[in-house]
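What follows is the residue order along each chain.
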Number of protein chains: 2
Amino acid sequence: MSQAKRNDSINSPIDQRKIPNAVVKRLSLYSRALHQLESERAEKVSSTKLGEMLGINSAQVRKDLAYFGQFGVPGFGYPVRQLRENLKRILGTDREIRVALVGAGNLGRALLSYGGFRREGFKIECGFDKALQETAESESGIPIYPIEELERRIEELQIDFAILSVPNEAAQGLTDRLVGLGVSGILNFVPIRLSVPDHVQVHNVDLALEMESLAYFLT
Amino acid sequence: MSQAKRNDSINSPIDQRKIPNAVVKRLSLYSRALHQLESERAEKVSSTKLGEMLGINSAQVRKDLAYFGQFGVPGFGYPVRQLRENLKRILGTDREIRVALVGAGNLGRALLSYGGFRREGFKIECGFDKALQETAESESGIPIYPIEELERRIEELQIDFAILSVPNEAAQGLTDRLVGLGVSGILNFVPIRLSVPDHVQVHNVDLALEMESLAYFLT
DNA sequence: TAGATTGTTAATCGATTAACAATC
DNA sequence: TAGATTGTTAATCGATTAACAATC
């Protein structure tokens, strides 16, 4: 499942602590805040400032970062640019990550054109859809292939991750195919639990669930 | 919240236990699993079975449900239909909830047509977009109004919730307007922290963050 | 009654926060 | 040196799980 064995260059050799998933998510938040600070020409930032920007306790900021090394300078804070570089490397987003989208329905096609992924270094190479007889194209010019070409294209394009937005019934079967092709991460928009081998990560985005649990607090 | 009180205790505000957000999210999961069981004509389900369907410990299932009352029968399990009805009522989704979407860009327009919300009893009444001079329409026939009509339409349609998918810079300002109009829940797709009064709930859906934290586990 | 399963308490596990010596 | 802020330990808080008497 979630393992912490990462680049030895970052952790000290002995340090094989398991990093909680919550920490990893915050890493990504820090990276984004740092990006903003960079654009504001800030050279340093304290854990207090960074925490305030994100609504996170400063002790937690320090602790999270300390999992991965000593990035800060006592009495000074953290060097903005350097810290962000480190975080990107730790997260593995210091290089382009190739993504395929499976299921180009309404939501799928929107995700193909969604700018937020690209901004963080993800490149959506192509989409797949069952309904297609021949190759189509998204609004933003990304090719959408018939699902029959899944195997061929995924290998050809060396896809790392998949975004899954297909009907419930099709989700597990397609997941199995994707996993078989070496896809190691799945951003899953289908509201069912996917079975995957331990080395594959699935993050679920359950829009209806978010909405419904919001309703609980309606006055 | 008002649903949190137990029947054996004196009705005082102090008595109301605070329900953890994690519990509320699971309630929604239970509701969906129950829906599936109903369609399979199951009349009862045990905490063990329900837990297995969702990857949740059975003790947790029982504890979550017990927050809200005694729904189960020892030696038997939980009556499917009845439990689901109770959960929908507790969640507040036993009636139609009216939603407006603010920001009909790529993602926004897809959410307008996304079936998952409707399935849980949410009705997206309309969308708003800044770029429009006059009323347009989504693929699925939902009207999209120029942002100038926000005040008028939200009040007219008695909107409960908003889905926010606008550029970062516009998010806080529009949030303030929505809150001023009595919107009490926001499903926020904008990757910034929104300030809202205590009585307003915000759930953040951060797609880029989900993707980036996925990358951490790439082998 | 025998078997099953709840509701609940107690034990465990994990995550957050406070505090502070070490450091620049 | 004086002031600021880190990294880290200890304390707290909260959430999950195990266990079991009560109940059908």
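Not measured: the values here are computed from a predicted model. (Residues numbered from 1 in each chain as written. Chains lettered and ligands numbered in written order. Predicted model: local features only at pLDDT ≥ 70, side-chain atom pairs only at ≥ 80, totals over all residues. Heavy atoms only, no water.)

This part takes up the overall build of chain A. A tally of regular secondary structure across chain A gives nine helices and nine strands. Here the C-alpha coordinates of chain A stretch approximately 65 × 50 × 35 Å along the principal axes. Across the 219 residues in chain A, those meeting the buried criterion constitute 53%. Restricting the contact set of chain A to residue pairs at least 6 apart, pairs at least 24 apart contribute 55%. Summed over its atoms, the accessible surface of chain A is roughly 10500 Å², and 48% of this surface lies on carbon and sulfur atoms. When the 27 basic and 28 acidic side-chain charges of chain A are each reduced to a single mean position, those positions are 7 Å apart. (Helix = DSSP H or I, 4+ residues; strand = E, 2+ residues; numbered from the N terminus. Buried < 20%, exposed > 50% of the residue type's maximum accessible area, 1.4 Å probe, protein only. Contact = heavy atoms within 4.5 Å. Areas by Shrake-Rupley, 256 points an atom, 1.4 Å probe, with all protein chains shown as cover. Lys, Arg positive; Asp, Glu negative; His and termini not counted. Charge placed at Lys NZ, Arg CZ, Asp CG, Glu CD.)

All right, on to the protein's contact with DNA strand D then. Around DNA strand D, a shell composed of 24 residues is seen, among which Ser47, Arg62, Gly72 and Tyr78 of chain A together with Gln60 of chain B lie nearest. Among atoms of DNA strand D positioned within 4 Å of the protein, sugar and phosphate together represent 66%. Glycine 75 of chain A is positioned with one of its backbone polar atoms (N or O) 2.9 Å from a sugar or linking oxygen of DNA strand D. Arginine 26 of chain B has a polar side-chain atom sitting 3.1 Å from a phosphate oxygen of DNA strand D. Those elements giving two or more residues to the surface near DNA strand D turn out to be α3 (58-66) of chain A together with α3 (58-66) of chain B. The element best represented in the surface near DNA strand D is α3 of chain B, accounting for four residues. Of the residues contributing to the surface near DNA strand D, the split by class is 10 nonpolar, nine polar and five charged. (Near = heavy atom within 4 Å. Polar contact = N/O pair within 3.5 Å; in protein donor to acceptor, adjacent residues only side chain to side chain. Nonpolar A, V, L, I, M, F, W, Y, C, P; charged D, E, K, R; others polar.)

Of all hydrophobic cores here, the largest spans 45 residues; its most connected members are Phe117 and Ile163 of chain A together with Phe117 and Ile163 of chain B. Apart from residues no more than four positions distant in its own chain, phenylalanine 117 of chain B is found in contact with Leu207, Ala208 and Met211 of chain A together with Leu111, Phe122, Ile124, Ile163 and Leu187 of chain B. (Core = buried A, V, L, I, M, F, W, Y, C linked by side-chain atoms within 4.5 Å.)

To continue, consider the environment of tyrosine 67 of chain B. The residue tyrosine 67 of chain B is located in the loop between α3 and β2 (78-79) in this model. Here the alpha-carbon distance between tyrosine 67 of chain B and valine 23 of chain B, two residues 44 residues apart in the chain, equals 9.1 Å.

Right, let's talk about unusual backbone geometry for a bit. Glycine aside, negative phi is the norm for most residues, and most peptide bonds take the trans geometry. Here arginine 41 of chain A, not a glycine, exhibits a phi torsion of approximately 65 degrees, which is positive. Here arginine 41 of chain A is to be found in the loop between α1 (21-39) and β1 (44-45).

Attention shifts here to the sheet that holds strand β9 (residues 201-204) of chain A. Hydrogen bonds between backbone atoms are what pair the strands of a sheet, whose relative direction is either parallel or antiparallel. Residues and elements named next belong to chain A. Strand order across the open sheet formed by seven strands is β5-β6-β4-β3-β7-β8-β9, with mixed pairing between neighbours. The open sheet terminates on both sides in strands that have one partner only, identified here as β5 (136-137) and β9. Summarising the sheet, strand β3 (residues 97-102) and strand β7 (residues 161-164) pair through four bridges and their orientation is parallel. Counted as the bridge partner of alanine 100 is alanine 162 from β7. (Pairing = 2+ DSSP bridges.)

For arginine 26 of chain A, the position within the fold is in helix α1. Beyond its immediate stretch of four places on either side in the chain, arginine 26 of chain A contacts Ile56, Gln60 and Asp64 of chain A.

Glancing now at the interface of chain B and chain A. On the side of chain A, 64 residues touch chain B, which itself brings 63 residues to the contact. Counting the surface lost from both chain B and chain A, the interface buries some 5800 Å², and carbon and sulfur atoms represent 65% of this. The three residues of chain B that bury the most area against chain A are Glu212, Tyr216 and Phe217 of chain B, which together make up 16% of that side's buried surface. Inspection of the chain B/chain A interface yields eight salt bridges. At the junction of chain B and chain A, the tally comes to 16 residue pairs in polar contact (both at pLDDT 80 or more). (Buried area = accessible area lost by both parts, 1.4 Å probe. Salt bridge = Lys/Arg side-chain N within 4 Å of Asp/Glu carboxyl O.)

Here the focus is helix α1 (residues 21-39) of chain B. For α1 of chain B, built from 19 residues, the straight-helix expectation of 27 Å at 1.5 Å per residue is met to within 8% by its first-to-last C-alpha distance of 28 Å. Looking only at α1 of chain B, the buried set comprises Val23, Val24, Arg26, Leu27, Ser28, Tyr30, Ser31, Arg32, Ala33, Leu34 and Leu37 of chain B. Summarising the contacts, the buried residues of α1 of chain B are in contact with α9 (207-215) of chain A together with β1 (44-45), α2 (47-54), α3 and α4 (80-91) of chain B. Immediately downstream of α1 of chain B, the backbone of arginine 41 of chain B shows phi near 65 degrees, a positive value. (Expected span 1.5 Å × (residues − 1).)

A separate point is the relation of the copies chain B and chain A. You can overlay chain B on chain A at an RMSD of 0.0 Å; the transform is a turn of 180 degrees with a shift of 0.0 Å along its axis. On the angle and the small slide along the axis, the relation comes out as a two-fold axis. Residue alanine 110 of chain B, judged by its C-alpha, is the member of chain B lying nearest the rotation axis, at 2.9 Å. Most of the interface of chain B is mirrored in chain A, where 98% of its interface residues are also at the interface. (Least-squares fit on C-alpha atoms with pLDDT ≥ 70 in both.)

Another aspect to go through is the protein's contact with DNA strand C. Around DNA strand C there are 25 residues in total, and Gln60 of chain A together with Ser47, Gly72, Gly75 and Tyr78 of chain B lie nearest to it. Backbone atoms, meaning sugar and phosphate, make up 66% of the atoms of DNA strand C lying within 4 Å of the protein. Contacts to DNA strand C include arginine 26 of chain A, whose side-chain N or O atom sits 3.0 Å from a phosphate oxygen. Counting residues per element, the surface near DNA strand C draws most heavily on α3 of chain A, which supplies four residues. Classifying every residue of the surface near DNA strand C gives 10 nonpolar, nine polar and six charged.

On to the pairing of β3 of chain A. Residues and elements named next belong to chain A. Counting buried residues along β3, five of its six residues qualify, which places the element largely inside the surrounding structure. Across six bridges, the pairing between β3 and strand β4 (residues 122-129) is parallel. Residue isoleucine 97 lies in a different strand from β4, and its bridge partner there is phenylalanine 122.

We now examine the packing of aromatic side chains. A full pass over the atoms with the stated rule returns 12 aromatic pairs over all chains. Taken together through their ring pairs, the aromatic side chains of Tyr67 and Phe68 of chain A together with Tyr216 and Phe217 of chain B make up a single cluster. Over the face of the ring belonging to tyrosine 145 of chain A we find arginine 153 of chain A, whose NZ or CZ atom lies 3.8 Å from the ring centre. The side chain of lysine 44 of chain B reaches across the aromatic face of phenylalanine 76 of chain B, ending 5.4 Å from its centre. (Phe/Tyr/Trp six-rings, centres within 6.5 Å; stacked < 30°, edge-to-face > 60°. Lys NZ or Arg CZ within 6 Å of the ring centre and 35° of its normal.)

Before going further, it helps to examine the confidence of the model for chain A. Mean pLDDT for chain A: 91, with 92% of residues reaching 70 or above. Segment residues 1-16 of chain A: pLDDT under 50, and 25 contacts once partners within four positions in sequence are set aside and those in other chains are kept. (pLDDT = per-residue confidence, 0-100.)

Quick look at the sheet that holds strand β8 (residues 185-188) of chain B now. All names here are of chain B. One open sheet holds the seven strands; their spatial order is β5-β6-β4-β3-β7-β8-β9, and the pairing between them is mixed. Edge positions in the open sheet fall to β5 (136-137) and β9 (201-204), since each of these has one partner strand only. Contacting β3 (97-102), β7 (161-164) and β8, helix α8 (residues 168-180) crosses the sheet at an angle of about 170 degrees to β7. (Axes fitted to C-alpha atoms, helices over the stretch in contact; angles between N-to-C directions.)

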